[in-house]
Amino acid sequence: MEGYMRGLVTLLLFFLFIVVIEFSCCNGYGPKAFCREEEREALLSFKKGVYDPSNTLSSWVSEECCKWEGVLCHNTTGHVLQLNLRSNGLSGEISSSLLHLKNLQYLDLSNNFFGGASLYKALQQSIPKFIGSLSNLRYLNLSYAGFGGVIPRELGNLSKLHYLDIALSGSNVEDLEWISGLPFLEYLDMTYVNLSKASNWLQVMNKLHSLSVLVLSSCELLAVDPLPHVNLSSLLILDLSENDLISSSFDWFADLSSLTTLNLAYNQIHGQIPSGLRNMTSLKFLDLSNNNFVGSFPDWLYHMTALEHLNFGSHDLRSNMLQGKLLNDIGNLSSITYLDLSNNALEGDILRSLGNLCAFQLSKFSYHRQGKSLEFLNLRANKLSGSFPDNLGECKCLRNLDLGENQLSGNLPNELGQLKSLYSLSIDRNSFSGKIPTSLGGISSLSYLIIGKNLFKGIVSEKHLANLTSLKELDASSNLQLSVQVSSNWTPPFQLSRLDLGSCLLGPQFPAWLQTQMTLSYLDMSYAGISGVIPAWFWTRSYYIVDLSHNQIIGNIPSLRSTNIFLGSNNFTDPLPQIVSDVEYLDLSNNVFRGSLSPMLCGSKGENSLQFLDISRNLLSGELPNCWMHWSYLTRLKLGNNNLTGGIPSSMGSLIWLGSLHLRNNHLSGDFPLSLKNCSSLIVVDLSENEFTGSIPAWMGNFIGKFINTRFLRHIRYIPGLMVLVLRSNKFNGSIPLELCHIDSLQILDLGNNNLSGTIPRCFGNFSGMIKQSNSTSAFPFHQKYDFILGSTDTATLVMKGLEYEYDNILGLLSGIDLSSNKLSGGIPEELTSLHGLIFLNLSHNHLQGKIPVKIGAMATLESLDLSMNRLSGFIPQGMATISFLTHLNLSYNNLSGKIPSGTQLQGFSPFSFIGNPELCGAPLTDDCGEYGKPEALIPENDGEDDSGWIDMKWFYLGMPLGFAVGFWAIFAPLALKRAWRHAYFQFLIEMKYKLLDGVCNCK
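Computed from a predicted structure; not experimentally measured. (Residues numbered from 1 in each chain as written. Predicted model: local features only at pLDDT ≥ 70, side-chain atom pairs only at ≥ 80, totals over all residues. Heavy atoms only, no water.)

Okay, the overall build of the protein chain next. For the protein chain, the count of helices and strands is 12 helices and 65 strands. The proportion of buried residues among the 1004 residues of the protein chain is 52%. In the protein chain, once contacts between residues fewer than 6 apart in sequence are set aside, the share between residues at least 24 apart is 57%. Counting only carbon and sulfur atoms, one obtains 54% of the accessible surface of the protein chain, whose full area is about 43200 Å². (Helix = DSSP H or I, 4+ residues; strand = E, 2+ residues; numbered from the N terminus. Buried < 20%, exposed > 50% of the residue type's maximum accessible area, 1.4 Å probe, protein only. Contact = heavy atoms within 4.5 Å. Areas by Shrake-Rupley, 256 points an atom, 1.4 Å probe, with all protein chains shown as cover.)

What follows is the structure, given as structure tokens:
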């Protein structure tokens, strides 16, 4: 970008030089002419039409208008030649009285707000057509002046124009033919002007033989039509960035041999790097970043020795994907100062070649002529290998070095400290190891040091940090064997804004030196082995993000002043802290808080900003408070795994933005909470393992997708509707309401272990969220402002494959139905087999009859299927043997018959998956199938000698509860009767808990 801007500045100085030469008579020593009265009145009329908040035009009162601010006159004739009012905050209407300035050659009204006081009115106000009648204009700059609408074609009458800048947001053109009337035009900037209707834009520009600079950035250009002949021989700078160009066929580039700057960044160009670029031997600036280029790094690029700025990187969802090995020939780019190849898939070991390049560039420096030297190097997110070479220390001018997210390894050399100009160093997410060299601490210019997620070990001491006086951000996180050890009275030489030492060894004491960091806004010391009590001064500070989770911190929390607070998985004790109105995200989960929620939530009467609250896995008790109306911006609420009782209060219905509600594993009771009917933004609901009763209400079917106007993102956003509904292990009864079928977004439905009766609704086959396999690995789409920044994901605890799991990051990938342990009857609806994206299906422990649906083999993504403990009959469908992802199957204790379908899938399961079906035969069961597809012997012939068979297995299962009961009371009866034994046992458990926590923290 520096080369690009240097070219623009050079041209601007050229035009200003022309102006100065032409107007030199205004500053001569000869007789001076006075301002023309007609032109003075024209300027005063212009002044009346504008609003001037900065009093720029306050000098426009004297008789001599040639001395007014922004006005320049001819020394002899007194005619106004120049009007320069850029960046003065002017607004209002431009008077047509300017037409009386017949000799005006220079007009600059840029960076103002003409056209009215409101933005809407300004976007309706076009550039005045009369400007096209100022026939002597050589220079016209109306960029960012507040105009909108259609660019008047009358501007094409300015036949003497050399410079035209009409970069205007909200503007458009019907066609561009009028530009061909500007034969002397050398500079044209139409940034933000909508040119989507001007399909012939390139053909029109090709008529401007004098054009040196063409900037058409963000113009909604869709295509580049081929040119039969290129007349742009004078073109030096071409900027087509931030458009919608998709074609990579730029053969006409081959004729632009004089081009020094080419910017095609942020388009959608796909395919190979255009080969026509190889003829642009004068190129100094080339930016092809954030496109969809593929293929290898072109060999001819290694020989473009004039290149100073090369950018093939990507920084958003539109991504280049260059592949293959980078050659050591990259060291031939002897003029390069800026190199960005980030977010591709390039391989190779090129760092030593870049070090040699810097050494070569350094040799070109002299006392008389300063050469080029590498200043910016970004190779992030590739597949580069090798180690950090010591000769990279030759890059004395390097200011930005980003090698993060590669496959680099080895130790950091001491020569790293020779990069005295370094401003930012990022080598995170690699496999660098060994100790961090103390020479790194000698780079006083270093502001950003990002070395997290590597394999560094050893100690970071005061020597490493002593001279880092400019340091603003330090990230050494996830180096599990790296320890930060400084004296308790150490005073750092820097003031940090961001500190991330998560998963490093800091404890056991809380770092005292943090008290000196007055500008800190981001603090992460999670998994850091910190124990004890946090000092009182810490709770008086306000951070944007503070994460002290997964430590062994004790004591209480006197106050909360930060915006996003993560204190989960510690040993904090009650009372619960008061929440100030600025807190948006609060995680206090997995601590030792006791008592009621009321003091924490009902003490505040004003508006609060809290969006996320997690106090799960504590020892909270009592009823849910009835003051949720004060927390109306909550989007996620997690209170599971406590001892809460009572029902859900009516005020919870005021949480209209609530997207996720987790109340699992409490002692809540009553009918399904009617108050939740108003929480129409719900996406995840988990009320499992409580004591709710009554029927599932029909109004649950209203939780469907809709558009909402979010307070957080300040725009309309689509909320998909309920996606996860978990009501298992309650006391719900009645039938499953058919209205649930209206929730086509539903991905997970768990109603297991209740008292539901009736049949399985056939309309369950309409769940479109379960029909297609999800490919989303992201969290569910909440309307919360900083989910991505905070790395926040939602969770759900589900029973799958017979075990209970808590799913978080992959929750969006799951879909399943669990209706087990109810009193459902009837058959399995054939319609369920249309749910081709289903991962798990559990209908066990019901009273289902009939056959297994023949088309069950179409459920190709099933990983877990449990139909056990029902009354199913008939054959096992052959298609079941084709479900290749199936890893858990239970068809036991039904009335299935015939041969188990052949195939590696079903024969790989345990016989226990099929036990209890006396007429079932074939592998993996030991009973072979007879002539008629039935077991050869349902009853063993030798009654006294053979203990195998399904009847004996039933006795085995019947005996299991008795054996468990005897074993349980043999162990716990003495503990219940002997108080001393009981205290000793629980003291042993507590000690083991802390030893395990110490082990986990040390591993982190």
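Scanning the model with the defined rule gives 30 aromatic pairs in all. The interplanar angle of 5 degrees and the centroid separation of 4.1 Å between the aromatic rings of Tyr-338 and Phe-376 together place this pair among those described as stacked. Here Tyr-338, found in strand β20 (residues 338-340), pairs with Phe-376, found in strand β22 (residues 376-378); they are 38 residues apart in sequence, far enough to count as distant. Between the aromatic rings of Phe-692 and Phe-732, the centroid separation amounts to 6.3 Å while the plane-to-plane angle is 10 degrees, which identifies the pairing as stacked. Here the residue Phe-692 occupies a position in strand β48 (residues 691-695), and Phe-732 occupies one in strand β52 (residues 731-735), the gap between them amounting to 40 residues. (Phe/Tyr/Trp six-rings, centres within 6.5 Å; stacked < 30°, edge-to-face > 60°.)

Pairing is parallel across the open sheet formed by 12 strands, whose spatial order is β40-β42-β44-β46-β48-β52-β54-β58-β60-β62-β64-β65. Among the strands making up the open sheet, the edge pair consists of β40 (594-595) and β65 (919-921). Of the strand pairs in this sheet, β40 and strand β42 (residues 619-623) are connected by 2 bridges, and their pairing is parallel. Opposite Gly-595, over in β42, you have Leu-620 as the bridge partner. (Pairing = 2+ DSSP bridges.)

Taken as a whole, this structure holds 6 disulfides when the rule is applied. The side chain of Cys-358 participates in a disulfide bridge whose partner is Cys-395; the two sulfur atoms lie 1.9 Å from each other. Of note, the bridge from Cys-358 to Cys-395 carries an S-S torsion of about 90 degrees and is right-handed in sense. Within this pair, whereas Cys-358 is found in helix α5 (residues 351-363), its partner Cys-395 is found in the loop between β23 (383-384) and β24 (400-402), the two being separated by 37 residues in sequence. In this pair, the class of Cys-358 matches that of Cys-395, namely buried. Cysteines bonded in the protein chain are numbered consecutively along the chain; their disulfide partners then correspond to 1-2, 3-4, 5-6, 7-8, 9-10, 11-12. Considering cysteine sulfurs only, Cys-358 is the nearest to Cys-397, which forms no disulfide, with 8.4 Å between them. Overall, Cys-397 belongs to the partly exposed group, its relative accessible area being 24%. (Disulfide = S-S within 2.5 Å.)

Attention now moves to unusual backbone geometry. Looking along the chain, the bond that leaves Asp-574 and enters Pro-575 is cis, with omega of 10 degrees. Tracing the sequence through the fold places Pro-575 in the loop between β38 (571-572) and β39 (585-587). The linkage connecting Ala-923 with the following residue, Pro-924, adopts the cis geometry, with an omega of 15 degrees. The backbone of Asn-590 sits at a positive phi, close to 60 degrees, despite the residue not being glycine. Tracing the sequence through the fold places Asn-590 in the loop between β39 and β40. Here Asn-590 falls in the partly exposed class, since its relative accessible area comes to 36%.

Our next topic: the pattern of salt bridges. For the coordinates displayed, the defined rule picks out 20 salt bridges. Across the pair Arg-86 and Asp-108 runs a salt bridge, and its minimum N-O distance is 2.9 Å. Of this pair, Arg-86 sits in the loop between β3 (80-84) and β4 (91-92) while Asp-108 sits in strand β5 (residues 106-108), and the two are 22 residues apart along the sequence. For Arg-86, a relative accessible area of 36% gives the class partly exposed. Under the relative-accessibility criterion, Asp-108 is labelled buried at 1%. A salt bridge links Lys-197 to Glu-174, with the shortest nitrogen-to-oxygen separation between them at 3.8 Å. Here Glu-174 lies in the loop between β10 (171-172) and β11 (187-189) and Lys-197 lies in the loop between β11 and α4 (201-205), a separation of 23 residues in the sequence. A single network of salt bridges, built from pairs that share partners, joins Arg-380, Asp-402, Glu-405, Asp-428 and Arg-429. (Salt bridge = Lys/Arg side-chain N within 4 Å of Asp/Glu carboxyl O.)

The next point concerns the sheet that holds strand β19 (residues 321-325). Strand pairing in a sheet takes place through backbone hydrogen bonds and is either antiparallel or parallel in direction. Strands sit in the order β15-β17-β19-β21-β23 across an open sheet of 5 strands; the sheet is parallel. In the strand order of this sheet, the two ends are held by β15 (270-271) and β23, each with one partner. As paired strands, strand β17 (residues 292-296) and β19 are joined by 3 bridges and run parallel to one another. If you follow Gly-295 over to β19, its bridge partner there is Leu-322.

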